[in-house]
Amino acid sequence: MNRRNMLWSAASALGAALGAWSAKAATEAAPSDKLKVVYHLSDAEKVNFVLGNIQNHIDGVGGPDHVTIALVIHGPALKAFHAAQANPDISKRVGEFSKDGVELAACGNTMKAQNVTLKELLPGFVSAEKGGVVRLAELQSRGYFYLRP
């Protein structure tokens, strides 16, 4: 009888420990943490595709309050965001993304190469002064998931 009591006590203690561990794990992985995603755009022919992906992402999670998104642009793709030559659809999307809190980062090196300033880009852009690839790495080190459509 004594062995049975000892076995029952051990099993009960193990069950309680597993239950506490499970509750702690569920608390730590609370869904209140917003997913953080960085989109990488350098190909001029993918501008509309990537902007569509970002909008689909925002819609798919239930709105901008449920996700943190950054868009880092460098290389030939940045020309599509020059205010003087941006098409109306891109201008509209960028304006909406800016209102939704999407970080719009333009590579500082590309800006120099294209001889463009922040004032000449669509409103809402910030400069990735150290470069687009550096900004991508910084965001990834902060837990952002990297997407390059």
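Located above this text is the structure these notes cover.
Keep in mind the model is a prediction, meaning the values are calculated, not measured. Per-chain numbering applies: the sequence of each chain, read as written, is numbered from 1 onward. It should be noted that, the model being predicted, local features are given only for residues of pLDDT at least 70 and side-chain atom pairs only at 80 or more, the latter also being counted only at that level, while totals for whole chains, interfaces and linings use all residues. The side-chain figures draw on all heavy atoms in the structure; neither hydrogens nor water molecules are used.

### A few points about the environment of Lys-34
Right, on to step 1. We count a stretch as a helix when DSSP gives it H or I for four or more residues in a row; a strand needs E for two or more, and each element gets its number in order from the N terminus. One can find Lys-34 in the loop between helix H1 (2-28) and strand E1 (35-41).
Right, on to step 2. When the C-alpha positions of Lys-34 and Val-67 are compared, they lie 5.1 Å apart, and in sequence the two are 33 residues distant.
Right, on to step 3. Among all residues touching Lys-34, those that are not within four sequence positions of it are Pro-64, Asp-65, His-66, Val-67 and Thr-68. Whether two residues are in contact is decided by their heavy atoms: any pair within 4.5 Å suffices.

### Quick word on the pattern of salt bridges
When the charged atoms of two side chains with opposite charge come close together, those side chains can pair.
Right, on to step 1. The salt bridge criterion pairs a side-chain nitrogen of Lys or Arg with a carboxyl oxygen of Asp or Glu, the two atoms within 4 Å. All told, the structure shown has six salt bridges when counted by the stated rule.
Right, on to step 2. The residue Lys-46 makes a salt bridge to Asp-43 at a minimum N-O spacing of 3.8 Å.
Right, on to step 3. When the shortest N-O distance is used, the salt bridge between Arg-148 and Asp-43 registers 4.0 Å. Here the residue Arg-148 occupies a position in the segment after strand E5 (145-147), and Asp-43 occupies one in the loop between E1 and helix H2 (47-60), the gap between them amounting to 105 residues.
Right, on to step 4. Relative accessible area decides the class of each residue, using a 1.4 Å probe on protein chains only: under 20% of the type maximum gives buried, over 50% gives exposed, and in between gives partly exposed. The class of Arg-148 is partly exposed, set by a relative accessible area of 43%.
Right, on to step 5. One connected set of salt bridges, linked through shared partners, spans Glu-103, Lys-130, Arg-135 and Glu-138.

### Some points on the pairing of strand E4 (residues 125-128)
Right, on to step 1. Criterion used throughout: strands pair if DSSP finds at least two bridges between them. Where strand E3 (residues 103-107) lies against E4, four bridges are found, and the strand directions are parallel. Across the sheet, residue Leu-104 finds its bridge partner in E4, namely Phe-125.
Right, on to step 2. Running through helix H4 (residues 108-113), the crossover from E3 to the neighbouring parallel element E4 is right-handed. Handedness is read with the strands pointing away from the viewer; a crossover is right-handed when the path from the first strand over the helix to the second is clockwise.

Shape is all these values report; function is a separate question.
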